[in-house]
Amino acid sequence: MGKDVIIALDFSTEDEVLGFLEHFAGEKPYVKIGMELYYALGNDIICKLKARGHQVFLDLKLHDIPNTVKSAMRVLSALGVDMVNLHAAGTRAMMAAALEGLTRPNGSRPILLAVTQLTSTSEQVLHDELLIAAPMAEVVASYAQNAQAAGLDGVVCSPLEAGVVKKACGPAFMTVTPGIRFAGGDVGDQARVTTPGQARQLGADYIVVGRPITRAEDPVAAWKRCAAEFVDA
Ligand code: C5P
């Protein structure tokens, strides 16, 4: 499994996206399209980024009845995205249906990941509001095992949970981890962060990095620093 840095393109206009990518000249970083960009620009931006040679993680976190998710995944798969995700809380039946919808007539399909628990959900909210009594680590491990049983490729989680997931599901089950900051960098609204190097040591397979690259004075240098610490270390 190749390790890579995925840049979160958290912008809402095409000008901002293309202006940002202009810095990268001939380089083609792996990019993530989240809800903000997708709801602003739709399938058009996916097609444009694919045509420019980027691999695309479409981060829409689907969660609905199995048949609806299956049909939606069929549409997304036809766009040629490389990675998509859903909420493991949608159940094993929903995840299995998603996988079916994603599989193209030639048998290929994008990587399918599950969100276990959002990193913004605290242990207290898990217990008091969602009425889930088990500890967070147990919930994350169990949801990851459900995703694996349904045939998914891995999960999106905090780097600090990557070890729990690998222990529960084995080393080949993928962990894609946001919440990355350089040592001494601005944490912003992320609560539990690691550096790219720590994420590597904790077993992450891909890191998702937004503001430390998109808001850097030199975005290409920041991207290369992530790669040096995470991929090449
Ligand atoms: O700017 P920053 O590096 O914090 O961006 C992280 C990206 O990863 C954002 O696009 C955010 O929506 C996404 N993400 C996250 N935590 C999750 C799932 C996705 O930060 N649990």
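Located above this text is the structure these notes cover.
Residues numbered from 1 in each chain as written. Predicted model: local features only at pLDDT ≥ 70, side-chain atom pairs only at ≥ 80, totals over all residues. Heavy atoms only, no water.

(A) Region of interest: the overall build of the protein chain. Within the protein chain, the regular secondary structure consists of eleven helices and eight strands. Relative to the globule expectation of 17 Å for 233 residues, the C-alpha radius of gyration of the protein chain, 17 Å, shows essentially globular dimensions. On the principal axes, the C-alpha backbone points of the protein chain span a range of 45 × 45 × 30 Å. When the 233 residues of the protein chain are sorted by exposure, 49% land in the buried category. Within the protein chain, residue pairs in contact and separated by at least 24 positions form 67% of the contacts whose partners lie at least 6 positions apart. Accessible surface for the protein chain amounts to roughly 10,600 Å². Of this, 52% is attributable to carbon and sulfur atoms. (Helix = DSSP H or I, 4+ residues; strand = E, 2+ residues; numbered from the N terminus. Rg over C-alpha atoms; globule rule 2.2 N^0.38 Å. Buried < 20%, exposed > 50% of the residue type's maximum accessible area, 1.4 Å probe, protein only. Contact = heavy atoms within 4.5 Å. Areas by Shrake-Rupley, 256 points an atom, 1.4 Å probe, with all protein chains shown as cover.)

(B) Molecular detail of the site of the ligand. If you check the shell around the ligand, you find 13 residues, and the closest are Asp-10, Arg-181, Gln-190, Gly-210 and Arg-211. Take Arg-181: an N or O atom from its side chain is 2.9 Å from an oxygen atom of the ligand. Contact with the protein chains covers 84% of the free accessible surface of the ligand, which is 470 Å². For the shell around the ligand, the secondary-structure elements that each account for two or more residues are strand 8 (206-209) and helix 10 (211-214). Classifying every residue of the shell around the ligand by side-chain character gives five nonpolar, three polar and five charged. (Near = heavy atom within 4 Å. Polar contact = N/O pair within 3.5 Å; in protein donor to acceptor, adjacent residues only side chain to side chain. Nonpolar A, V, L, I, M, F, W, Y, C, P; charged D, E, K, R; others polar.)

(C) Spotlight on the pattern of salt bridges. Within the structure shown, the criterion is met by ten salt bridges. Between Arg-109 and Asp-153 there is a salt bridge; the shortest N-O distance is 2.8 Å. Of this pair, Arg-109 sits in the loop between helix 5 (92-102) and strand 5 (111-115) while Asp-153 sits in the loop between helix 7 (136-149) and strand 6 (154-156); the two residues are 44 residues apart in sequence, bridging distant segments of the chain. On the basis of relative accessibility, which here comes to 28%, the residue Arg-109 falls in the partly exposed class. With its nearest N and O atoms 2.7 Å apart, the salt bridge here joins Lys-166 to Asp-205. Highlighted residues: Lys-166 in helix 8 (residues 162-169) and Asp-205 in the loop between helix 9 (196-201) and strand 8, separated in sequence by 39 residues. (Salt bridge = Lys/Arg side-chain N within 4 Å of Asp/Glu carboxyl O.)

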